[in-house]
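This is what each chain is made of:
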Amino acid sequence: MDIRRISPDYAVSPQIAPEDVPAIAEAGFTTVLCNRPDEEVPSELSAETLRIAAEAAGLRFAVNSVTHQGLNRETVDRQMQVLEASDGPVLAYCASGTRSSIVWSLGQVGRMETDDIIAATAKAGYDLERLRPQLEALREPSEDDEPGAD
């Protein structure tokens, strides 16, 4: 298992297995968040199998399947809802941890400076510099948000 902390309350990991769950609980995580669609994994690593293992260890389990085509505002909002509802640190996993890092980064727009978002993921080993233009674009207010706009 390769857990990488991005913030005090959020870490990412490549695919986990049911036998990893006790160590996840011992590490102090309270919620496991699956960002990997079941179509990408064998049945023994399905979200349902991991949900059963997580709940047996006293952890919350949530699913927010992230695909490159399906990465949108709703996916980001769902991710942030899971983080905000958790009563402790969240471990999110996907194939490599990259998608979990990207969706977290998009959710931090307006909460953190772009440089800080990119630095946090880089420190965890995920170079998301290519995401900078998108993060900056999301940060900029639309014309409708400007004072005096009709």
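Throughout, residues of each chain are indexed from 1 in the direction in which the sequence is written. Local features in this predicted model are restricted to residues of pLDDT 70 or higher, and side-chain atom pairs are both shown and tallied only at a pLDDT of 80 or more, whereas totals for entire chains, interfaces and linings draw on every residue. To obtain the side-chain values, all non-hydrogen atoms of the structure were included, while hydrogens and water were left out.

Before going further, it helps to spend a moment on the pattern of salt bridges. Basic side-chain nitrogens of Lys or Arg form a salt bridge, by our definition, when they fall within 4 Å of a carboxyl oxygen of Asp or Glu. On inspection of all chains with the given rule, the structure shows ten salt bridges. Between Glu40 and Arg36 there is a salt bridge, with the nearest N and O atoms lying 2.9 Å from each other. Residue burial is assigned from relative accessible area. The probe radius is 1.4 Å, only protein chains are included, and a residue is buried under 20% of its type maximum, exposed over 50%, and partly exposed in between. The exposure class of Arg36 is buried, given its relative accessible area of 16%. Close ionic contact of Arg99 with Glu40 constitutes a salt bridge, the shortest N to O distance being 2.7 Å. Taken together, the positions of Arg99 in helix α4 (residues 98-107) and Glu40 in the loop between β3 (31-34) and α2 (47-56) put the pair 59 residues apart, joining distant regions of the chain. We classify Arg99 as buried; its relative accessible area is 10%. With a relative accessible area of 35%, Glu40 lands in the partly exposed category. Here the residues in one salt-bridge network are Arg36, Glu40 and Arg99, joined through shared partners. Strands are runs of DSSP state E lasting at least two residues, helices are runs of H or I lasting at least four, and both sets are numbered from the N terminus onward.

The next point concerns the environment of Thr31. You can see Thr31 is positioned in strand β3. Note: C-alpha distance between Thr31 and Glu19 (twelve residues apart in sequence) is 16 Å. Contacts are assigned to residue pairs with any non-hydrogen atoms lying within 4.5 Å of each other. Residues in contact with Thr31, not counting those within four places in the same chain, are Arg60, Val82, Ser86, Pro89, Val90 and Leu91.

Okay, the sheet that holds strand β5 (residues 90-93) next. Between any two strands, pairing holds if DSSP finds at least two bridges. The strand order β1-β2-β5-β3-β4 describes an open sheet built from five strands, whose pairing is mixed. Two strands bound the open sheet, and with one partner strand each, they are β1 (4-7) and β4 (60-63). Averaged over all neighbouring strand pairs, the angle between strand axes comes to 25°, with direction disregarded. In terms of strand pairing, β3 meets β5 through four bridges, oriented parallel. Of the residues in β5, the one forming a bridge with Thr31 is Val90. The strands touched by α4 are β1, β2 (10-13) and β5; relative to β2, the strand with the most contacts, the crossing angle is about 150°. Between N-to-C directions, angles cover 0 to 180 degrees, with each direction set by a line fitted to C-alpha atoms, over the stretch in contact for helices.

What follows is about the nonpolar core. We define the nonpolar core as a collection of buried residues of types Ala, Val, Leu, Ile, Met, Phe, Trp, Tyr and Cys that are connected through side-chain atoms lying within 4.5 Å of one another. The biggest cluster of nonpolar side chains holds 24 residues, and the ones touching the most others in it are Ile6, Tyr10, Leu33, Leu83, Trp104 and Leu135. Listed by contribution, the elements that provide at least two residues to this core are β2, α3 (73-85), β5, α4 and α5 (114-123). Look past the residues within four positions of Leu135 in its chain and what remains in contact with it is Ser105, Leu106, Val109, Thr114, Ile117 and Ile118. By size, the runner-up hydrophobic cluster in this structure holds 15 residues, among which are Ala11, Val32, Cys34 and Ala47.

Further remarks concern the side chain of Gln15. By the element assignment, Gln15 lies in the loop between β2 and α1 (21-26). A polar side-chain atom of Gln15 sits 3.2 Å from a polar atom in the side chain of Arg36. Setting aside residues no more than four positions away along its own chain, Gln15 makes contact with Arg36, Val41, Leu45, Leu50, Tyr93, Cys94 and Ala95. Two N or O atoms count as a polar contact when they lie within 3.5 Å, although within protein this holds only if one can serve as hydrogen donor and the other as acceptor, and sequence-adjacent residues are included solely when both atoms are side-chain atoms.

Turning next to the side chain of Thr114. In this fold, Thr114 is placed in helix α5. A distance of 2.8 Å separates a polar atom in the side chain of Thr114 from a polar atom in the side chain of Glu136. Ignoring any residue separated from it by four or fewer positions in sequence, one finds Thr114 in contact with Arg132, Leu135, Glu136 and Arg139.

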